[in-house]
Amino acid sequence: MFFKNTEDQMELWDKGTDGQSNVPLLHSLPIQRTCDYVLVANKVDDDTNQRSLRQRAFLEELKKKNIAVTEIKFDEKIFFGLRVPSEIIENYQYLLKVSDSCNCCREENGISQANKIRIVNFILNNTFINTGENLEELMRKDVFETMFCLHEKKDQKNLQQKWARWSALFTKQPFDDIKYYFGEKVALYYLWLSWYTKLLIPAAAVGVVIFLYALAFFNTSPLIKEVCDSNITMCPRCDGNKAQSRCKTWQLSDTCTYAKVSHLFDNEGTVAFAMFMAIWATFFLELWKRHRATYVSKWNVYDWCEEEEELIMKIVNDPNCPPKEFRHSYLRSTLVLILVTVM
């Protein structure tokens, strides 16, 4: 997070029940300090306590991976702010660029905060102390209480004004801003949800027409008249082994109300509606593929491979495995051309 004034220095606020309190849960942080992730732990006064020792061991493992750790104490809690270094970001972007499946750098002007958080989250969950415990196991043993990422206040306010408000209900969603703030997966989900909602409009219109058709011919339906005006006596609904008081005959006209309600949703028009929905489903899927491909190509994730990216994450997570940059060798190329020519 980037802080430019006193208000922005306080990331967590205790708003209370009235939402007007200005008491920060954290002390004001120094200006120009950035933080991608936060670990929360209970304060332990005894340095020889097992929880304290495991906290320090885990933080030391993070520091070995060049993760910057900032410690903030407040009441009985300790907040550990984590920041991913630029070296890891540069290695991540370089490996994406030279990857066979992820051979494009998704961010032309640097990496988004969402991807930074994903990198830190992967490193946290794949860091082990000398006892073989990772963060998940340490949280189960109350070594750490919880972990969370922080909001970017400027981008958050921008999304609240353009997207997360009732007045923006009928406006186009800012998918590029959503993608930058939450990542590609979340943006694609809302892209699909928006497209699905738009394509449901013609289906809903046809459904309303079919319902109004059934309502218009509600009293003239021969099926309803046949049931309601019938004098047919029906057999009992139970077998002869039950008590005779419970096995009584009944009139077909008793189901008149049920027949009327069923006719509203199951009539001659529903057959045409079923055929329309079969065609609508095909059009929806094909048009969605085209609509999705537009944004996927725009965001440079058309050939994205999650397995390949996970392998890249494992490489950047290992400080002893720096990526080796490719350097073209004219000597080797010349030797290969000479041997091919000789052959």
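Under the annotation held in an unreviewed UniProt entry, the chain carries the name Anoctamin and is attributed to Ataeniobius toweri. Under the heading Sequence similarities (unreviewed entry), UniProt records this for the chain: "Belongs to the anoctamin family."

Here the focus is the overall build of the chain. A tally of helices and strands in the chain yields twelve helices and eight strands. Expressed as a percentage of its 343 residues, the buried residues of the chain come to 32%. Long-range pairs, those at least 24 residues apart, make up 67% of the contacts in the chain between residues at least 6 apart in sequence. About 22700 Å² of surface is accessible on the chain, with carbon and sulfur atoms providing 56% of the total.

Packing of helix α5 (residues 153-162) against helix α6 (residues 175-182) leaves a shortest axis separation of 11 Å and a crossing angle of 145°. The two elements α5 and α6 cross, and the hand of that crossing is left-handed. Contacts between α5 and α6 involve D155, Q156, N158, L159 and K162 from the former and D177, I178, Y180, Y181 and F182 from the latter. Here the contact of α5 with α6 is built from residues that sort into five nonpolar, two polar and three charged.

Turning our attention to the sheet that holds strand β4 (residues 68-74). Reading across the sheet, the four strands line up as β4-β5-β3-β6 and stay open at both edges, with antiparallel pairing between neighbours. In this open sheet, the two strands that pair with only one neighbour each are β4 and β6 (146-149). Taken over all neighbouring pairs, the strand axes of this sheet differ in orientation by 20° on average, direction set aside. Note that strand β3 (residues 37-42) and strand β5 (residues 77-83) share six bridges and pair antiparallel. Of the residues in β5, the one forming a bridge with V38 is G81.

Attention now moves to the UniProt feature "transmembrane region" (unreviewed entry) in the chain. Within the UniProt annotation, "transmembrane region" (unreviewed entry) is assigned to residues 199-218 and 270-288. With 100% helix and 0% strand, residues 270-288 has its two end C-alpha atoms placed 26 Å apart.

Moving on: the layout of surface pockets. Any space left empty among the atoms is revealed by the rolling of a water-sized probe across them. Here the largest pocket is characterised by a volume of approximately 680 Å³. Every residue lining the largest pocket is counted, 27 residues in all, and those nearest its centre are R118, F182, G183, E184 and K185. Every element with two or more residues in the lining of the largest pocket is listed here: α3 (113-125), α6, α7 (184-216), α10 (268-298) and α11 (306-317). Top element by residues in the lining of the largest pocket is α3. It accounts for seven residues.

The phi torsion at N66 lies on the positive side, around 70°, for a residue other than glycine. Along the chain, N66 turns up in the loop between α1 (50-64) and β4. Residue classification places N66 among the partly exposed positions, given a relative accessible area of 49%.

On the surface, a nonpolar cluster with roughly 560 Å² of combined accessible area is contributed by V208, F211, L212, L215, V261 and F265. When residues of the nonpolar patch are traced back to their parent elements, those giving at least two are α7 and α9 (256-265). In terms of residue count, α7 provides more of the nonpolar patch than any other element does, four residues in total.

L39, F58, L62, Y92, I119, L124 and F144 are the most contacted members of the largest nonpolar core, which totals 31 residues. Of all the elements in the fold, those that place two or more residues in this core are β3, α1, β5, α2 (86-98), α3, α4 (135-140) and α11. A per-element tally of this core places α3 first, with six residues. Apart from the residues within four sequence positions on either side, F144 is in contact with L39, V40, A41, Q55, F58, F80, L135, L138 and M139.

Now for the environment of M147. For M147, the location among the structural elements is in strand β6. Linking M147 and L39, residues 108 residues apart in sequence, is a C-alpha distance of 4.5 Å. Beyond its immediate stretch of four places on either side in the chain, M147 contacts Y37, V38, L39, N121, L124, N125, L135 and M139.

Before going further, it helps to spend a moment on a negative patch on the surface. On the surface, D45, D46, D47, D75 and E76 cluster together into a patch of negative charge. Inspection of the secondary structure puts D75 in the loop between β4 and β5.

Let us look at the environment of Q173. Note that Q173 resides in the loop between α5 and α6. Taking C-alpha positions, Q173 is 9.9 Å from A187, a pair spaced 14 residues apart along the chain. Setting aside anything within four residues of it in sequence, one finds Q173 in contact with W163, I178, Y190 and S194. Within the structure, the side chain of Q173 is placed 2.9 Å from the side chain of W163, a separation counted as a polar contact.

Conventions and cut-offs
Residues numbered from 1 in each chain as written. Predicted model: local features only at pLDDT ≥ 70, side-chain atom pairs only at ≥ 80, totals over all residues. Heavy atoms only, no water. UniProt positions renumbered as here; feature names shortened; annotations may be inferred. Helix = DSSP H or I, 4+ residues; strand = E, 2+ residues; numbered from the N terminus. Buried < 20%, exposed > 50% of the residue type's maximum accessible area, 1.4 Å probe, protein only. Contact = heavy atoms within 4.5 Å. Areas by Shrake-Rupley, 256 points an atom, 1.4 Å probe, with all protein chains shown as cover. Axes fitted to C-alpha atoms, helices over the stretch in contact; angles between N-to-C directions. Left-handed = near helix turned anticlockwise from the far one by under 90°. Nonpolar A, V, L, I, M, F, W, Y, C, P; charged D, E, K, R; others polar. Pairing = 2+ DSSP bridges. 1 Å grid on protein atoms, 1.4 Å probe; cavity = no way out; pocket = protein on both sides within 12 Å on 5 of 7 lines; lining within 4 Å. Points joined across faces, edges and corners; volume = space filled by probe spheres on them. Patch = residues over 30% accessible without salt bridge, like charges linked within 9 Å, V, L, I, M, F, W, Y side chains within 5 Å. Salt bridge = Lys/Arg side-chain N within 4 Å of Asp/Glu carboxyl O. Core = buried A, V, L, I, M, F, W, Y, C linked by side-chain atoms within 4.5 Å. Lys, Arg positive; Asp, Glu negative; His and termini not counted. Charge placed at Lys NZ, Arg CZ, Asp CG, Glu CD. Polar contact = N/O pair within 3.5 Å; in protein donor to acceptor, adjacent residues only side chain to side chain.

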